[in-house]
Amino acid sequence: STQSTWVEKTASTFSRQREDQRALSKYSAQPANATEGLTQAYSALANGLKSAAAAIMGIPTVAETGRSGYVKASMQAVPIVLLNPVIGVTEAVSKTLWGIRNAVDPQHKIESDRLYKRR
């Protein structure tokens with residue numbers, strides 16, 4: 001059915017994104033200064049919002065699945081729609097703060113680059 005296809009597609013996309021992120025340390029791409037921090041923050045926030053929008057756009061219509069299928073698919077999308085923007089905001093705040101910290105203490109950035117895996 002269209003509904004199960006949507007759920008499987010969303011789950012597999014999320015799983016692939018998580019696997020890609022696991023290959024690196026979350027500390028590996030720290031911003032060097034506040035400007036880089038804000039740039040990475042904007043990107044993180046945009047990704048969170050795009051992910052939520054994609055989940056909304058991926059919900060099958062009532063015509064495709066009927067009322068009960070539409071309601072079920074909508075309910076399954078609620079966590080994605082609510083949590084991904086929040087994740088984007090928290091990541092944006094952390095990138096901004098990392099950028100500020102690394103601008104104030106450049107030696108910390110040098111040590112972090114040495115310690116953490118990069119692509």
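Each value, and the rule that gives it
Counting restarts for each chain, with residues numbered from 1 along the sequence as it is written. Local features in this predicted model are restricted to residues of pLDDT 70 or higher, and side-chain atom pairs are both shown and tallied only at a pLDDT of 80 or more, whereas totals for entire chains, interfaces and linings draw on every residue. Hydrogens and water molecules were not included; the side-chain quantities draw on all heavy atoms of the structure. Each helix is a run of H or I in the DSSP string that is no shorter than four residues. Each strand is a run of E no shorter than two, and both are numbered from the N terminus. Partly exposed describes any residue whose relative accessible area lies between the buried limit of under 20% and the exposed limit of over 50%, with all areas from a 1.4 Å probe on protein chains only and scaled to the type maximum. Counting of polar contacts relies on pairs of N or O atoms within 3.5 Å, with two restrictions inside protein: one atom must be capable of donating a hydrogen and the other of accepting it, and residues adjacent in sequence are counted only when both atoms are side-chain atoms. Angles shown run from 0 to 180 degrees and are taken between the N-to-C directions of axes, each axis being a line fitted to C-alpha atoms and, for helices, limited to the stretch in contact. In this scheme, roughly parallel covers angles under 35 degrees and roughly antiparallel covers those over 145, while 65 to 115 is roughly perpendicular and the rest are oblique. Contacts are residue-level and defined by heavy atoms, with any inter-residue pair within 4.5 Å sufficient. Think of a salt bridge as a Lys or Arg side-chain nitrogen and an Asp or Glu carboxyl oxygen that are within 4 Å of each other.

Draft legend 1. Here's a closer look at the side chain of glutamine 30. Position of glutamine 30 relative to the elements: it lies in the loop between helix 1 (2-22) and helix 2 (34-57). With relative accessibility at 4%, the residue glutamine 30 sits in the buried group. Reaching out from glutamine 30, the side chain makes a polar contact with the side chain of serine 112 at a distance of 3.5 Å.

Draft legend 2. A look at the packing of helix 2 against helix 3 (residues 62-104). In the contact formed by helix 2 and helix 3, the axes pass within 7 Å of each other and the chain directions differ by 175°. When the axis of helix 2 is compared with that of helix 3, the two are roughly antiparallel.

Draft legend 3. Spotlight on the environment of tyrosine 70. Note that tyrosine 70 resides in helix 3. Sequence-wise, tyrosine 70 and proline 60 are 10 residues apart; in three dimensions their C-alpha atoms are separated by 6.3 Å. If we skip the residues at most four places from it in the chain, tyrosine 70 touches Ile59, Pro60, Thr61, Val62 and Thr65.

Draft legend 4. Structural view of the pattern of salt bridges. One pass over the structure, following the stated rule, counts one salt bridge. Between aspartate 113 and lysine 109 there is a salt bridge, with its nearest N and O atoms 2.8 Å apart. Linking aspartate 113 with lysine 109, this pair stays in helix 4 (residues 106-115), spanning four residues, or about one helical turn. By relative accessible area, which is 30% here, aspartate 113 ends up partly exposed.

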